[in-house]
Amino acid sequence: MSLSIDQVRWVAHLARLELTDDEAATFTRDLTAIVDYVNQLQSVNTDNVEPLAHAVELTNVFRADEPAESLPVDQALANAPRREGDFYAVPAVLD
Amino acid sequence: MRGMNHRVVIGLETHVQLLTRTKLFCGCSTRFGLPPNSATCPVCLGMPGSLPVMNHAAFQLALRAALALNCRIAPFTKWDRKNYYYPDLPKNYQISQYDLPFSHDGWLEIDAGAGAKRIGIIRAHLEEDAGKMLHDEKGGESLVDLNRTGTPLLEIVSRPDLSSGEEAKAYLEEIRLLLRELGVSDCEMQEGSLRCDANINLHVPQADGSYVATPLVEVKNLNSFRGVERAMKYEVERQLGEYRQKVGSEWLVDRDAGKAFGDYQVFPVRQKKNGELTSVSKATAGWNDRREVTEIQRRKEEASDYRYFPEPDLAPVTVSPSVLERVRSELGELPAVQRARLQTQYGLSAYDAGVLVRQGRAFAAFFEGVAASCGDPKEACNWMANDFLQTLNERKLGVEQAPISAAALGELIQEVKTTGLNKQRAREVYAAMLAGGLGARDAIAKLGFKVVADEGQLLEIIRRAITANPKAVADFKKGKVKAADAIKGAVMRETKGAAKMDQVQQLLLKELQQQ
Amino acid sequence: MIDRTATELLDLMARGDATAEAVALAYLEAIRERDPRIRAFLHVDEHATLEQARAVDARRRRGEPLGALAGIPVAVKDVLCTAGVRTTCASKILDNFIPPYDATVIAKLRQADAVLLGKTNMDEFAMGSTTENSAYQVTRNPWDLDRIPGGSSGGSAAAVASAQAPVALGSDTGGSVRFPASMCGIVGLKPSYGRVSRFGLIAYGSSLDQVGPFGHCVRDAALLFEAVAGHDPRDSTSIQQPPPRITPTLDEPVQPLTIGVPREYFGAGLDAEVEAAVREALNVYEGLGAAIKDVSLPHTPYAVATYYLIATAEASSNLARYDGVHYGHRAARFGDLIDMVCKSRGEGFGKEVKRRIMLGTYALSSGYIDAYYLKALKVRRLIKQDFDKAFAECDVVMGPTAPTPAFKIGDKVDDPLAMYLSDIYTISANLAGLPGVSVPCGFTAANLPIGLQILAAPLAEEKLLRVARMFEAATDWHTRRPKA
Ligand SMILES: [Mg+2]
Ligand SMILES: [Zn+2]
């Protein structure tokens, strides 16, 4: 099975990755090979097998509703690529 | 042909913020109105390496709400990631529930004035809130405040059982009442702790008894009860207009794609596009509160792909029957049950019961105290719903801080009944009770209201009034029944209102007829 | 000094024959001298290191009680958040990221009075088996500088192997501790899933990631493991069991001992020298009285495919947060918001990370999730059940850690699939949540180390390490050092 470059571009869009033409071509080839490889799973009979999301199946892990310290604003924003006052700033979102 | 009217089909998706002290996955405060980005930590900022841990109180509150919504509780529930990119969602995925919500298949009883109606609940699930975006037009930038990020939300999805704006509003009001009473949420729409999106379309009747469905519209940003009602009404008219304009030309009815809806068939419309018929996709609209119109946003051609998968950082939750029993036992009397009981136990009308219950449990309990003390539930209800409620509202008090006790209000009602004080005088007594902390009898005495109940004494006053008002007597004799009111007014002035109105009326008519 | 094990250093310091400062200075000097060739460290703060060491000495002088690792320098993979210290995951996208908090394991190291030596190189976001995928530098194998040290914790493994640190922490999602341990001729432990807190461990595949220790000997690895293991209320997937006690019983042989040898671990692709060394190791165990049992893990051939679907699916979501909004790299030039995010990520991530994000996104996307992601979760259960059966009749399972010794730098960079197959023996332990250790068990003719992998049932670390220690006590492979 081979992925089309359009499929690769669509996946890149979902993943918010800008790809160069070169990367798109390479990934089309690589992903086709990898998808071919993982397709061997289709031959495993998994009828009546429940998916296993975690090897250690814990349940009911909670914390109490007790306040913990928040970060000072300056620390929260210390790593922000752009801040405006006490806000994170991003290119205008119109909705 | 069936009914000629179009049917309105509305389903609501409601998000309520749960009343926890801390966020869903971290210990940051959920308080409203804190300075921007002052209530965040590595966890709710989605910083690399941080991990969520579920707030137990949030789950318990959600469970309480779901039980109150008559939902079935899943014995096993898990969390999922909903992946999408937005700057107010720092991890770029929302921890939510997808295929195994903790509750499903419930109902909520509403009364929008046409009697009780059950609205189906498809599901209620727990999820985290996103932050807030501020749009700074001038700077060409948007600003992000992440204080709200990670606040626990209960999402409640109704069935499309609502059939008018009034019902949609009543549904939301009932949700608010229920969740406030249970301490699940404060449901302040202005503060965003109750938010609502509506899916609405119309089923337009056809000559053959079938219906045609208009394309679904999802209306967002509904942030007031009035807004919900208005938006739905507006959208009904808009969709009806669009239907009339487009059906048969731009839209063609697809007779092959009928679906049963309740007891009738509904057919969708298709759009002609490049010579092909395609389905008309659901539109998203915003409610413009100022202009009072819905504004259709760009059609969602590109289907979103949220890539849901089980959240590997959280453990699933199992709910045992004993936990369910405990939470259920803590629910207390729910509004629908309370309304029914007040009607049967106190003989109140559905309307009156609704008025009392709408004010909350403490108010209804106060009413029951007043009714017990005065023995007249109907009158107790009137006082509660009018003067008493007005007092609370004016003074911005909860019923717990009422400036008068249930027993005292009951005493007032009883005194008014036995003494025959009219409403005006009774109100003055009530005011005196509030002002001086007096009992009803003391307040009446202090105001100097002497009740004239003695028939002889009253008759004397009436006769004096008749003599003093010859013009009114003459008018009355000419058939102007209303003219008696002037004389009655004089009698009431004379008695300082301390006479029973019906007794005065009766004696006066008898006297006038004998003139 | 730097020839010693951590256990020996603890003795020296306890007896007053060495100070923590002297130990730290010795390692800092080794780093200064050796790391320009090895390139194991991304970040070393000599001043901070010495300060920590002096503080330990001062407390010892005052007679205050000290932690289990008092004065022991520890190198830390740059995947673990360190408060106030740049933490990059060897990625340009986190080039300037300074966490405001410590990972739980870092906090535990501080509590144990360990001395943090520096942050080590790795494959970007732990994605890789060679440490070639670092955005900053290529780490060399101390046994042959033209060869890979293994990955993704290659910096930590190379640092220990070249005596630039006595012990180090790595993380293991598909073999990233055991594989480089094997390549570098040291001991590397991947604990059971849930044993060690993941809080502050920058996520790759959340349901697979575990922090693990490196050391020259089993005891050193056990010491470090004991110091960082235990329940953490900040990690919902951390198990409640009391922290494991390993060192008190470490020298007690497991008797009787049944060793399962999966026939699937000795098939095509296994290097002859590696196979010979592993078979010889089994002979050693037999000589120690162990019963060797042929077992089957029939779903082994599917492990790599299963792993790459699950790990990349989780990664595609875990790495979505790097968008240039709240922290990390933001592109200098862009159009609208979406363009800003796409460009920042396009510029910030390296090729292998992008490849895995793409694969994971695809595996979760609508129309494909059933065939790929969900199918992989089902096969994962079958793989776990294979092990359940094996551990019903064996104490441990043994085989090679890696199919080949360290290969040349650049050999597999253009063939991702070939690279993925390096993890063929290590990956199943992550899928099944098992503890596993790699111990040195021989050398090739070209003097490249070979690792023996031992796996045990979940939470059976104590038994696992006793079994490993039995071999170590009977052999001297672990005492060999590369030429400085
Ligand atoms: Mg939602
Ligand atoms: Zn927080």
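This is a predicted model, so every value here is computed, not measured.

Engineer: Please clarify how the confidence of the model for chain C should be interpreted in this entry.
Structural biologist: Any residue range with low pLDDT should be treated as having predicted coordinates unsuitable for detailed reading. A residue-level look at chain C finds 100% of positions with pLDDT of 70 or above and a mean pLDDT of 97. Here the predicted complex scores 0.92 on pTM and 0.97 on ipTM.

Engineer: I tried to follow the confidence of the model for chain A on my own but got confused; where do I start?
Structural biologist: When pLDDT is averaged along chain A, the result is 94; 98% of the residues meet or exceed 70. The secondary structure element of chain A with the lowest average pLDDT is strand S2 (residues 83-84) of chain A, at 94, and the one with the highest is strand S1 (residues 62-63) of chain A, at 98.

Engineer: What is the right way to look at helix H8 (residues 272-287) of chain C in this model?
Structural biologist: Residues spaced three or four apart along an α-helix point in a common direction, a consequence of the helix completing one turn every 3.6 residues. All names here are of chain C. With 16 residues, H8 extends 22 Å between its outermost C-alpha atoms, agreeing within 8% with the 22 Å of an ideal straight helix rising 1.5 Å per residue. Those residues of H8 not exposed but buried are Val274, Ala277, Val278, Ala281, Leu282, Val284 and Tyr285. Buried residues of H8, seen end-on, are gathered within an arc of 150° and therefore sit on one face of the element. Opposite the buried face of H8, by more than 90 degrees, sit the exposed residues Ala272 and Gly287. Residues of H8 that are buried sit in contact with strand S7 (258-262), strand S8 (291-295), strand S9 (396-400), strand S10 (436-443), strand S11 (449-456) and helix H15 (461-474). At the N-terminal boundary of H8, the capping side chain belongs to aspartate 271, with an oxygen 2.9 Å from the backbone nitrogen of glutamate 273. A positive phi of about 100° marks glycine 289, the residue just after H8.

Engineer: Explain the packing of aromatic side chains to me, please; I cannot follow it from the model alone.
Structural biologist: Two aromatic rings are characterised by how far apart their centres lie and by the angle between their planes. Residues and elements named next belong to chain C. Under the criterion given, the structure shown has 30 aromatic pairs over all chains. Relative to phenylalanine 349, the ring of phenylalanine 125 lies with its centre 5.9 Å away and its plane at 70°, an arrangement referred to as edge-to-face. Remark: phenylalanine 349 occurs in the loop between helix H10 (337-348) and helix H11 (351-364) and phenylalanine 125 occurs in the loop between strand S3 (115-120) and helix H5 (154-161); sequence separation between them is 224 residues. For the residue pair phenylalanine 125 and phenylalanine 349, the accessibility class agrees, reading buried in each case.

Engineer: What exactly am I supposed to notice about the pattern of salt bridges here?
Structural biologist: Two side chains bearing opposite charge may form a pair once their charged atoms approach each other closely. As enumerated under the stated definition, the model contains 77 salt bridges over all chains in all. Ionic pairing is found between lysine 343 of chain C and glutamate 18 of chain A, a salt bridge with its closest N-O pair at 3.4 Å. With lysine 343 of chain C in helix H10 and glutamate 18 of chain A in the loop between helix H1 (5-14) and helix H2 (21-38), this pair bridges two chains. Relative accessible area serves as the criterion here: at 22%, lysine 343 of chain C is assigned to the partly exposed category. The network of salt bridges with shared partners includes Arg81, Glu311 and Asp313 of chain B together with Arg198 and Asp235 of chain C.

Analysis parameters
Residues numbered from 1 in each chain as written. Chains lettered and ligands numbered in written order. Predicted model: local features only at pLDDT ≥ 70, side-chain atom pairs only at ≥ 80, totals over all residues. Heavy atoms only, no water. pLDDT = per-residue confidence, 0-100. Helix = DSSP H or I, 4+ residues; strand = E, 2+ residues; numbered from the N terminus. Expected span 1.5 Å × (residues − 1). Buried < 20%, exposed > 50% of the residue type's maximum accessible area, 1.4 Å probe, protein only. Arc of directions from axis to C-beta. Contact = heavy atoms within 4.5 Å. Polar contact = N/O pair within 3.5 Å; in protein donor to acceptor, adjacent residues only side chain to side chain. Phe/Tyr/Trp six-rings, centres within 6.5 Å; stacked < 30°, edge-to-face > 60°. Salt bridge = Lys/Arg side-chain N within 4 Å of Asp/Glu carboxyl O.

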